[in-house]
Amino acid sequence: RIVILICGVEMKVKVDIFSGFLGAGKTRLIKKLINDKYYREKIAIVENEFGEVSIDGAILRETNTVITEINSGCICCQVSGNFKKAISNIISNYEIDRLIIEPTGVAKLSELKRVFEEKELNEIVEVDKLITVVDGERFYIYLNNFRKFFVDQIKAADVIVISRSQYLDKEKLEKIVTDINGLNKKAIVVDKEWSKVRAQELIPKGEYNQKEYNKVFRRAYVKSNKGVSAYNDSAEDTFQTFAMSISRSISRKELISKFNFVANTNSFGEIIRAKGIVKLNDETMNQFDFSLDEFSIETVSYEGEGIISFIGVDLNKDEITKFFQ
């Protein structure tokens, strides 16, 4: 049994879980919190990719935080044993005060909560906050097409943070907040534009309900299309993942052009999310994110071969490989 003793009192390590559907912005939010010095304690991150490689782990390492990665499955499903072992190993080997858990975007938050209630983890850690990041632009797309995963993440959360709120008009943002409240009356719903507030206004510290939160932090501001396929109860039954290495350099223009094509064709199956690290023609390494019809890219510090990871439905792996190689 692993415990931390302070002045003779047995202390459990606090845990924050960052849930959110594919491409919602979980990693971006965690980076903001770290960069804004939201966490004053010693922290470690457990990062889970549903697939063969971790792109986000490489990005989070830029924060100089301890990162443990669990790939090839969802931590609330068939690899929960590896997950429990990873938690125990971190607590044994590092002096930390808090763990940040970033599960795959297709994990059910309710199932992950149950994992933490099991004896092996309940004795050494204590869940502090359950945070779900919701993509405001794609709220109704995901609600209509992947309802069970999406709604589960909302219902189980203590704090729900809406991403990309700056692209929504006031009326649409208010409707999304109302619909989220209809699914989860107890959670704090945060609709602020991330770049314009301190981290503590996104993830409030201490005990708040929605009324108290609104008193302390003033509320802020405020596009969607393209339907996606149906869902099933299991992430493994519904979604496919595919990773490929890419050794050649590529121009930013070509990469953007390829994903513009992907967003408007079904030739490759239904690619819901793609992310990767590639070498551009100027020899810099760049990390990119693609989600339905949105593409972003930024230069990162990374050494290694380029790699792209895809998540979707009925993926045509041969055609994808041919297209990008």
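Remember, predicted model here, so these are calculated numbers, not experimental data.

Draft legend 1. Main features of the environment of V278. Note that V278 resides in strand β11 (residues 270-279). Note on V278: relative accessible area 0%, which makes it buried. The spatial distance from the C-alpha of V278 to the C-alpha of T299 is 9.6 Å, given a sequence separation of 21 residues. Once residues within four sequence positions are removed from consideration, V278 is found in contact with I246, I250, L255, T284, M285, N286, F288, G306 and I308.

Draft legend 2. Inspection of the pattern of salt bridges at higher detail. Taken as a whole and judged by the stated rule, the model has 22 salt bridges. Of the charged contacts, one joins D16 and R98 as a salt bridge, the two residues approaching to 3.1 Å between their closest N and O atoms. On the criterion of sequence distance, the pair formed by D16 in strand β3 (residues 13-20) and R98 in strand β6 (residues 98-102) is long-range, its members being 82 residues apart. No difference in accessibility class separates D16 from R98, as the two residues are buried.

Draft legend 3. Fine view of the sheet that holds strand β13 (residues 294-299). Judged by pairing direction, the sheet is antiparallel, and its 5 strands sit side by side in the order β10-β14-β11-β12-β13 without closing on themselves. Two strands bound the open sheet, and with one partner strand each, they are β10 (240-246) and β13. Strand-to-strand twist across the sheet, computed as the mean angle between neighbouring axes with direction ignored, equals 10°. Where β10 and strand β14 (residues 306-313) come together, 7 bridges link them in antiparallel fashion. Residue pairing in the sheet places F242 in a bridge with F310 of β14.

Draft legend 4. View of helix α12 (residues 252-262). Every buried residue of α12 is accounted for by L255, K258, F259 and V262. Down the axis of α12, the buried side of the element spans an arc of 90°, and every buried residue falls inside it. Summarising the contacts, the buried residues of α12 are in contact with β11, β12 (285-291), β13, β14 and α13 (317-324).

Draft legend 5. Representation of unusual backbone geometry within the structure. Non-glycine residue E283 carries a positive phi angle of around 75°. Structurally, E283 can be placed in the loop between β11 and β12. For E283, a relative accessible area of 53% gives the class exposed. Positive phi, close to 55°, is recorded for D314, a residue that is not glycine. Along the polypeptide, D314 turns up in the loop between β14 and α13. Among the residues examined, D314 registers a relative accessible area of 61% and is labelled exposed.

About the criteria used
- Residues numbered from 1 in each chain as written.
- Predicted model: local features only at pLDDT ≥ 70, side-chain atom pairs only at ≥ 80, totals over all residues.
- Heavy atoms only, no water.
- Helix = DSSP H or I, 4+ residues; strand = E, 2+ residues; numbered from the N terminus.
- Buried < 20%, exposed > 50% of the residue type's maximum accessible area, 1.4 Å probe, protein only.
- Contact = heavy atoms within 4.5 Å.
- Salt bridge = Lys/Arg side-chain N within 4 Å of Asp/Glu carboxyl O.
- Pairing = 2+ DSSP bridges.
- Axes fitted to C-alpha atoms, helices over the stretch in contact; angles between N-to-C directions.
- Arc of directions from axis to C-beta.

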